[in-house]
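# Examining the three-dimensional arrangement
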Amino acid sequence: MTFPYQEEYLLAMELVKEAANIFIPAFNSPKSIETKLSSSDLVTETDKGIEELLKTRIKARYPDHVFIGEETVSDGGKCVFSSSPTWIIDPVDGTCSFVHRYSHTCIVVAFTVNKLVQFGVVYNPVLNQLYTGRLGFGAQLNGFPIKVTGETTITKSLLLCEIGSRRDEHSISIKCDNMRAVTQEPEACHGLRMQGSAALNICSVADGSADGYWESGMHIWDMAAASVILTEAGGCVVSPVQGESFDLLKRRIIAAASPELALALQKKIKYIDYPSD
């Protein structure tokens, strides 16, 4: 059986490696930094340069395909998610980490058809971690298959979360309540970590180095690629809202090593209802 979008997949693999030639020198150099929604919502020339590289190369090969990129949308472009073949790109996920030379930062590419993620590529050039997932063909890290732990309970889990760039009192209060809910006895998790990248957080659940992750406020380009990597590794992505289907545009996620753990987190975690993409 042949993967139907192998040509597009190979192009994505080629492009993230090419983008690393921009990423790594900039990672190790002083940076020109701008802010977006808050003082912690950062963007650099590298974000913009990598997105332009990827967009230009993709459009040259597939002029009829649609493109959704973080910096394009941030600059006033529209996030139009349709059934057309669509490339969803975050040129630097974890920009704050990138700025501070913290190694958890990555280049993210997803490809969708009929609003279904067909493949995802998440590449951390700093640590040389290349996560990939193709719908129906499994997930890999640097070419080796990966699987979730299958953990079912909070009390035996290592969990991931983020503070995010929204720092208003209401948002911080809910996020602190959530951290307390999973770290306080009698149902305390083994540990709680923040890595600074939504895509790498989800991939950490996929490769078994963590068991669960939740967040509100990220965007479609943060979740799309990693979501298929996780599900192909045997995990699940759900909405924090019980009974609501997971939606890439809704800006909220629970990623878990099992449906049982996802449900347990749904019962604990409060979500923030940000406007959809």
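First things first, this report covers the structure right here in the doc. (Residues numbered from 1 in each chain as written. Predicted model: local features only at pLDDT ≥ 70, side-chain atom pairs only at ≥ 80, totals over all residues. Heavy atoms only, no water.)

## A few points about the overall build of the protein chain
Along its length, the protein chain carries eight helices and 14 strands. Dimensions of the protein chain, computed from the C-alpha atoms along their principal axes, are close to 55 × 45 × 35 Å. The buried share of the protein chain, reckoned over its 277 residues, is 53%. Roughly 11800 Å² of accessible area belongs to the protein chain as shown, and the carbon and sulfur atoms make up 51% of that amount. Computed over 25 positive and 33 negative side-chain charges, the separation of the two mean positions in the protein chain equals 1 Å. (Helix = DSSP H or I, 4+ residues; strand = E, 2+ residues; numbered from the N terminus. Buried < 20%, exposed > 50% of the residue type's maximum accessible area, 1.4 Å probe, protein only. Areas by Shrake-Rupley, 256 points an atom, 1.4 Å probe, with all protein chains shown as cover. Lys, Arg positive; Asp, Glu negative; His and termini not counted. Charge placed at Lys NZ, Arg CZ, Asp CG, Glu CD.)

## Structural notes on the side chain of Ser258
Relative to the assigned elements, Ser258 resides in the loop between strand E14 (252–256) and helix H8 (259–268). A relative accessible area of 4% means that Ser258 is categorised as buried. Of note is the side chain of Ser258, whose polar atom sits 2.6 Å from the backbone oxygen of Glu151. Within polar-contact distance, the side chain of Ser258 engages the backbone nitrogen of Leu261 at 3.1 Å. (Polar contact = N/O pair within 3.5 Å; in protein donor to acceptor, adjacent residues only side chain to side chain.)

## Comments concerning the sheet that holds strand E8 (residues 138–141)
The sheet built from seven strands is open, its strands ordered E3-E4-E5-E6-E7-E8-E9 with mixed pairing. In this open sheet, the two strands that pair with only one neighbour each are strand E3 (66–69) and strand E9 (144–145). Pairing between strand E5 (residues 106–113) and strand E6 (residues 116–124): seven bridges, direction antiparallel. Pairing of Ala110 across the sheet is with Gly120, part of E6. Here helix H6 (residues 198–206) sits on the sheet in contact with strand E4 (86–93), E5, E6 and strand E7 (129–134), set at roughly 100 degrees to E6. Across the face of the sheet, helix H7 (residues 220–232) comes into contact with E3, E4, E5, E6, E7 and E8 while running at roughly 100 degrees to E6. (Pairing = 2+ DSSP bridges. Contact = heavy atoms within 4.5 Å. Axes fitted to C-alpha atoms, helices over the stretch in contact; angles between N-to-C directions.)

## Section: the packing of helix H1 (residues 6–27) against helix H2 (residues 45–61)
Packing of H1 against H2 leaves a shortest axis separation of 10 Å and a crossing angle of 155 degrees. Judged on the interaxial angle alone, H2 and H1 are roughly antiparallel. The hand of the H1/H2 crossing is right-handed. Touching Glu7, Leu11, Glu14, Leu15, Glu18, Ala19, Ile22, Phe23 and Ala26 of H1 are Thr46, Ile50, Leu53, Leu54, Arg57, Ile58 and Arg61, all from H2. A breakdown of the residues in the contact of H1 with H2 according to their chemical character gives 10 nonpolar, one polar and five charged. (Parallel < 35°, antiparallel > 145°, perpendicular 65-115°, else oblique. Left-handed = near helix turned anticlockwise from the far one by under 90°. Nonpolar A, V, L, I, M, F, W, Y, C, P; charged D, E, K, R; others polar.)

## Details of the sheet that holds strand E13 (residues 236–238)
As summarised here, the arrangement of the five strands in space is E11-E10-E12-E14-E13, forming an open sheet in which the pairing is mixed. Every other strand in the sheet has two partners, leaving strand E11 (191–193) and E13 as the edge strands with one partner each. Neighbour-to-neighbour, the strand axes of this sheet turn through a mean angle of 20 degrees, independent of strand direction. Direction of pairing for E13 relative to E14: antiparallel, over a ladder of three bridges. Considered in E14, the bridge of Val237 is made with Ala255. Across the sheet, helix H5 (residues 169–183) lies against strand E10 (158–160), E11 and strand E12 (212–216), angled at about 160 degrees from E12, the strand it touches most. Helix-sheet contacts for H7 involve E13 and E14, and the interaxial angle to E13 is about 135 degrees.

## Thoughts on the packing of H6 against H7
It is at 8 Å that the axes of H6 and H7 come closest, and there the two elements cross at 5 degrees. In terms of orientation, H6 lies roughly parallel with respect to H7. Taking contact as the criterion, the partners of Ala198, Ala199, Ile202, Cys203, Val205 and Ala206 in H6 are, on H7, Asp222, Met223, Ala226, Ser227, Ile229 and Leu230. The class makeup of the residues in the contact of H6 with H7 is 10 nonpolar, one polar and one charged.

## A short note on H7
Taking 1.5 Å of rise per residue, the 13 residues of H7 would be expected to cover 18 Å, and the 18 Å separating its terminal C-alpha atoms lies within 8% of that figure. The sharpest bend along H7 measures roughly 30 degrees and falls at Ala226. Counting buried positions along H7 yields 12 of 13 residues, so the element is predominantly enclosed. Turning to H7, its buried residues number three or more, namely Ile220, Trp221, Asp222, Met223, Ala224, Ala225, Ala226, Ser227, Val228, Ile229, Leu230 and Glu232. Just past H7, the residue Gly234 takes up positive phi, approximately 100 degrees. (Expected span 1.5 Å × (residues − 1). Bend = angle between axes of the 7 residues up to and from the residue.)

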